[in-house]
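Take a look at the letters that make up each chain.
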Amino acid sequence: MNMPDPILITGAARSGTSMVAEIIKTCGAFGGDTGGPHRNNKHGMFENLQIRKLLEKPYLSKIGADPKAQYPLPTTSDLWIPKDWRRTVHDIMLAEGYPGSGQWFVKSPKICLVWPVWAYAFPQAKWIVVRRQDEDIIRSCLHTGFMNHYQDKEGWQHWLNIHKQKFREMIEEGLNIRMVWPEKLVHGDYGGIMETIDWLRLNWAGSKVHNCIEPKLWKARGGNKK
């Protein structure tokens, strides 16, 4: 089947990638089996379980990087590019019910760390890079149990700086990218995400989108500004 290239949703962990992926799914994109509510996110993480299990984690282990994407992180310049990545992702989506047409997405913070692999497999993909203020990401990492490699702000800042370097590389490569800042949604500014949904050729889902946003949860994780 000649599937269109996907929407790829990525960004540093604790940036709001799950919120953005839920909105994109709510507006009509297919994501396959992304599981359900999670103890770390009552809405769910919106990551395809089979892609994470069969592709992402084994690949990171094979190249000597941390499967949890904390430390060590991959080096872009010497990545091994698997030739069957596209076919495997297609097979997973078709097996999970992709209807044969329409937009579909893959969401993972790990995508940006190995972006050349995804760019090679899907050269026409539309990329959503989710951003958040550094201090809010770092605060969230320090208060999230599974983010456990570093114990101080300096360590997480180093980790975050590597992600930001990957974003710069992706832009310099000319990938088709939109930056999304979920904090704007929490404060009631929907203009940017509505433009993004239109760019993705999806249909704005109105009140259903509002239900994807949890201002209290966001602020509890470090998103509030005094």
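You'll find the structure just up there.
Now for a quick tour of the structure. What you are looking at is a predicted structure, and each value in this text was computed from that prediction instead of being measured.

## Examining unusual backbone geometry
- Residue Pro72 is reached from Tyr71 by a cis peptide bond, and omega for that bond is -5 degrees.
- Along the chain, Pro72 falls in the loop between α2 (49-62) and α3 (85-95).
- A positive phi angle is found at Phe46, which is not glycine, with a value near 60 degrees.
- On the accessibility criterion, Phe46 (9% relative accessible area) is buried.
- One non-glycine residue, Ala69, adopts positive backbone phi at about 60 degrees.
- Residue placement: Ala69 occurs in the loop between α2 and α3.
- Relative accessible area serves as the criterion here: at 9%, Ala69 is assigned to the buried category.

## Describing the sheet that holds strand β4 (residues 177-180)
- Judged by pairing direction, the sheet is parallel, and its four strands sit side by side in the order β2-β1-β3-β4 without closing on themselves. Across the chains shown, the open sheet's two edge strands, defined by having one partner strand only, are β2 (105-107) and β4. Across the sheet, the axes of successive neighbouring strands diverge by a mean angle of 20 degrees, strand direction being ignored.
- As paired strands, strand β1 (residues 7-10) and β2 are joined by three bridges and run parallel to one another. Bridge pairing links Ile7 to Phe105 in β2.

## Remarks on the environment of Gly155
- With respect to the helices, strands and loops of the structure, Gly155 is situated in helix α6 (residues 153-173).
- As for Gly155 and Ile138, which are separated by 17 residues in sequence, their C-alpha atoms are 9.1 Å apart.

## Some thoughts on the packing of aromatic side chains
- Summed over all chains, the structure comprises 10 aromatic pairs.
- With centroids separated by 5.6 Å and ring planes inclined at 20 degrees, the aromatic side chains of Tyr59 and Trp80 adopt a geometry described as stacked. Remark: Trp80 occurs in the loop between α2 and α3 and Tyr59 occurs in helix α2; sequence separation between them is 21 residues.
- Classification of Tyr59 as buried rests on a relative accessible area of 3%.
- Classification of Trp80 as partly exposed rests on a relative accessible area of 42%.
- Linked through ring pairs, Phe30, Tyr59, Trp80, Trp85, Tyr98, Trp104, Trp118 and Phe122 together constitute an aromatic cluster.
- The ring of Trp199 carries Lys126 above its face, with NZ or CZ at 4.9 Å from the centroid.

Parameters and conventions
- Residues numbered from 1 in each chain as written.
- Predicted model: local features only at pLDDT ≥ 70, side-chain atom pairs only at ≥ 80, totals over all residues.
- Heavy atoms only, no water.
- Helix = DSSP H or I, 4+ residues; strand = E, 2+ residues; numbered from the N terminus.
- Buried < 20%, exposed > 50% of the residue type's maximum accessible area, 1.4 Å probe, protein only.
- Pairing = 2+ DSSP bridges.
- Axes fitted to C-alpha atoms, helices over the stretch in contact; angles between N-to-C directions.
- Phe/Tyr/Trp six-rings, centres within 6.5 Å; stacked < 30°, edge-to-face > 60°.
- Lys NZ or Arg CZ within 6 Å of the ring centre and 35° of its normal.

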